[in-house]
Amino acid sequence: MFRVIRVACFLVLCACLAGGPAVGTPAAADSAHALYDALNALHVDSRVVYTVRDLDLRRDAIHLTFTQGQLAFFEPFQGKITGAVFSGRGHILMIPRDPTEKASVARFLGAPILDQTFTMIYMRFDDDSAAVLQSRIKEADFPSGPDPSIAEEWDAAVAALNPGHSLRLLSDLLADREIPYFYAGILSETSGPFDALVDDRLEEQVLVGQPKTVNDQPIYDVWASFRRANDANVSAPFIAEGYAIDTTISPELNTAGNATITLRATRGGERAIPLALSGDLRVGSVTDIAGQPLEFFQGEPAAHHEISEQGDQSLTVIMSRPPQAGEKFQLHLTYKGSVIRDAGNGVYYAGEHASWYPRVGGTDSFASFDLKFRWPRKLVLVATGRKLDESEDGEWREASWKSEKPIFAAGFNLGDYRTVSIESAGIKVDLFASPQLELAVQQHTGRHVITTPFPSTDLQGNVKPVFVGSATETDPAPNPAAILHRLGDEIAQAAQYFSRFGGPFPYERLQVSQVPGTTGQGWPGLLYLPEFSFLSSETQRRLGLNTARQEQFAEIVPYHELAHQWWGNQVAWHSYRDQWISEGISNYIALLFADTRRDSNHALKTWLGHYRDTLVSKIPGKPDAVEDSVDSIGPLALGYRLHSSLDPAGYGQIVYPKGTWVFHMLRMMLRDPQAKDPDERFVRMLRSLIDSHRGGVLITDDLELAVRKVMLPSMDLEGGHSMAWFFDQWVRGTGIPHYHVEFNVQRSGEQFVVKGVLHQEGVPSEFLARVPIYAAAAGGKTIPLGHVTTSGNQTSFRFVTSVDPKRLLIDPELTLLCTAN
Ligand SMILES: [Zn+2]
């Protein structure tokens, strides 16, 4: 599957870093590290242990009852209590407020609410939890006394769990004011250990979930995540305005980097700056603009829900004083390590696309980038931005790039590339391809070394064999330059076609580089395309790709990634709930482009059918007894949360197929076949979205509003000039309707009266759809009769037509995501 990874959008998931945490400056008694160590070392205060009954604690939607047992607080830290433990019998109740979250909880737990008993609970907080508990304990006059056994029971667990919360508590300790935090680690009798969180620093403050492992890979299952009732709406404390990044790549492909980040404090009073950096890069120093060393924390254990999927990328820098709101300042960081992977045969790639430089976490802002690289002379390096200069220095090459306009993220790629530059359709395209396929593909083909575009030299300049086939092979010699020219030309044509939906191609030139594997990415002005996309269809076939996979690599991937130049790079997405917009529209317009190149309607219809079949099929790899369809994995609005221990492949199985269908249905509903340009409304809607959000982010509500502005009366299925029905059903909900008809025909003069009932199944009875019905007459003629707007499980209809219908067909033109017989 192809995808764009945006680490900043991923809240959740997994593994702790190997090796110990890095330490900034030595810990002075009042340093952040000293505070951090003291928070880690906190114990349960066993001198006062309460025996409690029916003690309640409500934290927004989370309702805890300590039914009967022992409760003890942590020893105070700087006069404040930051934790408590409980052993005994307790109960948690959590009712999500919206239907999407209820459905998510039901999928993990079998019921739409979290309602479980527990035996142990570990709590950390800096909200008013301690005060609330203490006042209720006092009111009820629960007995208390020393009990060393509770310390014995809890000491090891507390020591292991504390570090996951110390950085979060430290951020508040160092700030002018606290942003309330409450965490409960709960040991449930039915579900095992899980987390319940109310953290006002998160956009969705309430979260319940559980760390899991699938095939030795950690996955964090988010059961529910939503905003608290009194939404505090705390913005990210810092925004990056500019990055200057200087990177040296050694012949062994190790990297050493220097980054200067210009930041702005959005609200004053915060000292801890959250950043993200690949765990494969170790920070050496962090200084402020005056050269004063700053404390930092890298790779410290974090709470499960905070650790990114690609390993621990957390990096926190502590300012020596809190900046004021609006204040601009700079950080300077040095780091080194290894983020470049060698795929074999002279194919290299930056394995940590999104985190090869320290990024400011928790924001979705655009920034300017000045990039400078120094790398071995034999290799070619491509990077985002306009190249300012390039020079050779002995065995080294140096060049710098500057972003043409603020961009969301910067990337680079390098390899033993050959280059072709073309200009077509008014767009300059540079293509960078390696002479040989990566080792994995080569092994896949047995003993063959298949060449892609050019004969190869290794890093020392020796010519390597370009094609090794068995004596019986009679493959035509590839004509690499021709393949690259054709690909570049097609990409330029596509860029011109896409400008219809999103305005002119946004950058001076487009660079297209090859990466190993089967996934592509679209960075501002820089595409990473999988090598399969660089191969002729003949070579693809010989590599064992079936027709669908050939079409995917040839017809979709390059253009999908190109479409991200607009959808993803000109306008980014706000949160994981909105990422489907970029993927869906990019995939959809890639298919529209494919249909302009060969038989019109071929690629789109083929892929819509394929996607529909995927969505209604049984989830692969599930026991036979499980009848769930792929669509039931979850709605588009869950984004990366579709990737869970229940369905590790769920993200790709939903977001591309269903996202494509959602945009197709919108286009079909907005279409006016009589107009000079039948797609005028659809195009106008997309253009207005880009124009009003350029250099910013989209949320799903923005799309809903844009559709509402151009909607036709026929789309107003629930009245009130609203598209909520559509987005509730197709984006925030699951379910694909199945239709069948019963009908009879009566002759009336020259006309035929068709009366019948449309049955709708597989979705709730309130599911709304406008279903096109066609008549199949004798002689194979197909005539549209009209639409039936569903109302419940059965909707009766009546049409009058001039042909005698032998059969009725439901949506033969594929305008609605449904099945029928
Ligand atoms: Zn994509």
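Predicted model only: the values in this text are computed from it and were never measured. (Residues numbered from 1 in each chain as written. Predicted model: local features only at pLDDT ≥ 70, side-chain atom pairs only at ≥ 80, totals over all residues. Heavy atoms only, no water.)

Caption draft 1: Representation of the overall build of the protein within the structure. The number of helices and strands found in the protein is 15 helices and 39 strands. For the protein, with 821 residues in total, the buried portion stands at 56%. Across the protein, contacts joining residues at least 24 apart in sequence account for 68% of those joining residues at least 6 apart. (Helix = DSSP H or I, 4+ residues; strand = E, 2+ residues; numbered from the N terminus. Buried < 20%, exposed > 50% of the residue type's maximum accessible area, 1.4 Å probe, protein only. Contact = heavy atoms within 4.5 Å.)

Caption draft 2: Geometry of unusual backbone geometry. A positive phi angle is found at aspartate 54, which is not glycine, with a value near 50 degrees. For aspartate 54, the location among the structural elements is in strand E2 (residues 44-59). With phi around 50 degrees, histidine 721 is a residue other than glycine that occupies positive phi space. In this structure histidine 721 comes out as partly exposed when scored by relative accessible area, which is 39%.

Caption draft 3: Quick peek at the pairing of strand E30 (residues 526-530). A large share of E30 lies buried, amounting to 5 of its 5 residues. Residues Leu526, Tyr528 and Pro530 point to one face of E30 and Leu527 and Leu529 to the other, with burial holding for every one of them. As paired elements, strand E28 (residues 509-515) and E30 share 5 bridges and run parallel to each other. By the bridge assignment for E30, valine 512 is matched with leucine 527. Judged from the 3 bridges that link them, strand E29 (residues 521-523) and E30 form a sheet pairing that is antiparallel. Paired with glycine 522 across the two strands is leucine 527, which belongs to E30. Remark: 2 residues form the turn of the hairpin made by E29 and E30, two consecutive strands paired antiparallel; glycine 525 in that turn has positive phi of roughly 75 degrees. (Pairing = 2+ DSSP bridges.)

Caption draft 4: Broad picture of the coordination of the zinc ion. Taken together, the protein donors to the zinc ion comprise His560 (NE2), His564 (NE2) and Glu583 (OE), at separations of 2.0 to 2.1 Å. Since its relative accessible area comes to 1%, histidine 564 is described here as buried. (Donors = N, O, S within 2.8 Å, 3.2 Å for Na, K, Ca; no water.)

Caption draft 5: Molecular detail of the packing of aromatic side chains. For the structure on display, the rule yields 40 aromatic pairs. Measuring from ring centre to ring centre gives 5.5 Å for tyrosine 357 and phenylalanine 369, while their planes differ by 75 degrees; the resulting arrangement is edge-to-face. A residue pair is termed long-range when its members are at least 10 positions apart, and tyrosine 357 in the loop between strand E19 (347-350) and strand E20 (359-360) and phenylalanine 369 in strand E21 (residues 368-376) qualify at 12 residues. Of the two residues, tyrosine 357 and phenylalanine 369, both sit in the buried class. An aromatic cluster of at least three residues, connected via ring pairs, comprises Tyr497, Phe498, Phe501, Phe505, Tyr507, Tyr559, Trp566, Tyr588, Phe593 and Phe682. The ring of tyrosine 507 carries the charged tip of lysine 405 above its face, separated from the ring centre by 5.4 Å. (Phe/Tyr/Trp six-rings, centres within 6.5 Å; stacked < 30°, edge-to-face > 60°. Lys NZ or Arg CZ within 6 Å of the ring centre and 35° of its normal.)

Caption draft 6: Just the packing of helix H9 (residues 547-563) against helix H11 (residues 602-616), in detail. Look at H9 against H11: their axes get within 12 Å of each other, and the N-to-C directions meet at 125 degrees. On the basis of their axis angle, the class for H9 and H11 is oblique. Viewed along their axes, H9 and H11 form a crossing whose handedness is left-handed. In contact with Ala548, Glu551, Gln552, Glu555 and Ile556 of H9, H11 contributes His602, Ala603, Thr606, Trp607 and Tyr611. (Axes fitted to C-alpha atoms, helices over the stretch in contact; angles between N-to-C directions. Parallel < 35°, antiparallel > 145°, perpendicular 65-115°, else oblique. Left-handed = near helix turned anticlockwise from the far one by under 90°.)

Caption draft 7: Examining helix H10 (residues 579-597) more closely. Taking 1.5 Å per residue as the helical rise, H10 with its 19 residues ought to reach 27 Å, and the 28 Å between its terminal C-alpha atoms agrees with that figure. With respect to burial, H10 is a largely interior element, 17 of its 19 residues being buried. (Expected span 1.5 Å × (residues − 1).)

Caption draft 8: Fine view of the pairing of strand E27 (residues 427-433). Of all 7 residues that make up E27, 6 are buried, and the element is covered over most of its length. In this structure, strand E26 (residues 418-424) lies alongside E27, joined through 7 bridges in antiparallel fashion. By the bridge assignment, arginine 418 is partnered in E27 with alanine 433. Count of turn residues in the E26/E27 antiparallel hairpin: 2 residues, of which alanine 425 carries a positive phi of about 50 degrees. With 5 bridges joining them, E27 and E28 adopt parallel strand pairing. Across the sheet, lysine 428 pairs through a bridge with arginine 509, a residue of E28.

Caption draft 9: Representation of the environment of leucine 768 in the model. Its location among the elements puts leucine 768 in the loop between strand E34 (751-761) and strand E35 (770-777). Distance from leucine 768 to glutamate 718, taken between C-alpha atoms, is 8.0 Å for residues 50 residues apart in sequence. Setting aside anything within four residues of it in sequence, one finds leucine 768 in contact with Leu717, Glu718, Trp725, Gln729 and Thr790.

Caption draft 10: Representation of the sheet that holds E35 in the model. The strand order E36-E35-E38 describes an open sheet built from 3 strands, whose pairing is antiparallel. Only two strands of the sheet have a single partner each, and these edge strands are strand E36 (782-789) and strand E38 (805-810). Each strand axis lies, on average, 30 degrees off the axis of its neighbour in the sheet, ignoring direction. Alignment of E35 against E36, held across 7 bridges, turns out to be antiparallel. Residue pairing for E36: valine 771 is matched across the bridge by valine 788.

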